[in-house]
Amino acid sequence: MTQDQLKQAVAQAAVDYIAPHLTWESIIGVGTGSTANCFIDALAKIKHTFGAAVASSEATATRLKSHGINVLELNAVPHMSFYVDGADESDIHLNLIKGGGGALTREKIVAAVAETFVCIADESKLVGVLGAFPLPVEVIPMARSYVARKLVGLGGEPVWRQGFVTDNGNLILDLYGMDIVDPKDLEQQINQLTGVVTNGLFAHRPADILFLGTGDGVKTLTS
Ligand code: 5RP
């Protein structure tokens, strides 16, 4: 199977997982990236079975709307059963690195609201220890150099993602060279730095279930 076929398989697995729980009142949180795009395309086929979606990025909102799916602002949503999104890395406890597409802050906010976070990924994303993928850190523009110096102090090598501005008008520092043995602790340490909006570690709010696309079919992992 190609990587694209694995992404489509996990996207369909997520739709099959949530479909029995949907009513016309259901609001679904939707992530960002190529795997999330596969999910949107699969979700479109059952668009008459739920109420609306909340998007974690402008790009996702555009794709949802192109399928005729109603998109709501998160502030208008009192309750969300499911958030479905991809990841850049996951460990077996479903701690994640996200933000390769730069949407980490909105993704983290929507994930925080959802009762169940369903992660979908191909098998290349499952790792023993997080950190081979550079950890994205969203920073307020004027704090970029200050935060970069502090990240060096934490033992990493921050690299400014050139030419990229987040949907929130901020910058991304990609943090290389970290062996993340305690993801909760590092998530907290980085978030405490003044000028950091958030970082791409999802350890305080990990995924609840991971559909992992493998050559032997879709495997299910739970946290
Ligand atoms: C975007 C993300 C994505 O979920 C992550 O980058 C995975 O993307 P893809 O499914 O394209 O591999 O966190 O900010």
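Heads up: the structure comes first, above all this text.
Residues numbered from 1 in each chain as written. Predicted model: local features only at pLDDT ≥ 70, side-chain atom pairs only at ≥ 80, totals over all residues. Heavy atoms only, no water.

**Examining the environment of I69**
And then number 1: Here I69 shows up in the loop between α3 (58-66) and β3 (80-85).
And then number 2: Considering only alpha carbons, one finds I69 and I27, 42 residues apart in sequence, at a separation of 11 Å.
And then number 3: Excluding anything up to four places from it in sequence, I69 contacts L43, A44, K47, F50, A53 and L64. (Helix = DSSP H or I, 4+ residues; strand = E, 2+ residues; numbered from the N terminus. Contact = heavy atoms within 4.5 Å.)

**Re the site of the ligand**
And then number 1: In the vicinity of the ligand lie 16 residues, with S34, T35, D88, G99 and K125 positioned nearest.
And then number 2: Side-chain polar atom of D85 to an oxygen atom of the ligand: 3.4 Å apart, as the coordinates give it.
And then number 3: Taking D88, its side chain carries an N or O atom lying 2.6 Å from an oxygen atom of the ligand.
And then number 4: When atom positions are compared with the pocket grids, the ligand is found to occupy the second largest pocket.
And then number 5: Split by residue class, the shell around the ligand holds two nonpolar, nine polar and five charged. (Near = heavy atom within 4 Å. Polar contact = N/O pair within 3.5 Å; in protein donor to acceptor, adjacent residues only side chain to side chain. 1 Å grid on protein atoms, 1.4 Å probe; cavity = no way out; pocket = protein on both sides within 12 Å on 5 of 7 lines; lining within 4 Å. Sits in = over half its atoms within 2 Å of the grid points. Nonpolar A, V, L, I, M, F, W, Y, C, P; charged D, E, K, R; others polar.)

**Points about the pattern of salt bridges**
And then number 1: According to the stated counting rule, one finds seven salt bridges in the structure shown.
And then number 2: Here R63 ties to D41 by a salt bridge, and the two come within 2.9 Å at their closest N and O atoms. One end of the pair, R63, is in helix α3; the other, D41, is in helix α2 (residues 34-43), with 22 residues separating them in the sequence.
And then number 3: The partly exposed category is assigned to R63, whose relative accessible area is 30%.
And then number 4: Close ionic contact of E58 with R106 constitutes a salt bridge, the shortest N to O distance being 3.1 Å. Here E58 is found in helix α3, whereas its partner R106 is found in helix α4 (residues 104-113), with 48 residues between them in sequence.
And then number 5: Judged by its relative accessible area of 26%, R106 falls in the partly exposed class. (Salt bridge = Lys/Arg side-chain N within 4 Å of Asp/Glu carboxyl O. Buried < 20%, exposed > 50% of the residue type's maximum accessible area, 1.4 Å probe, protein only.)

These figures capture arrangement, not role.
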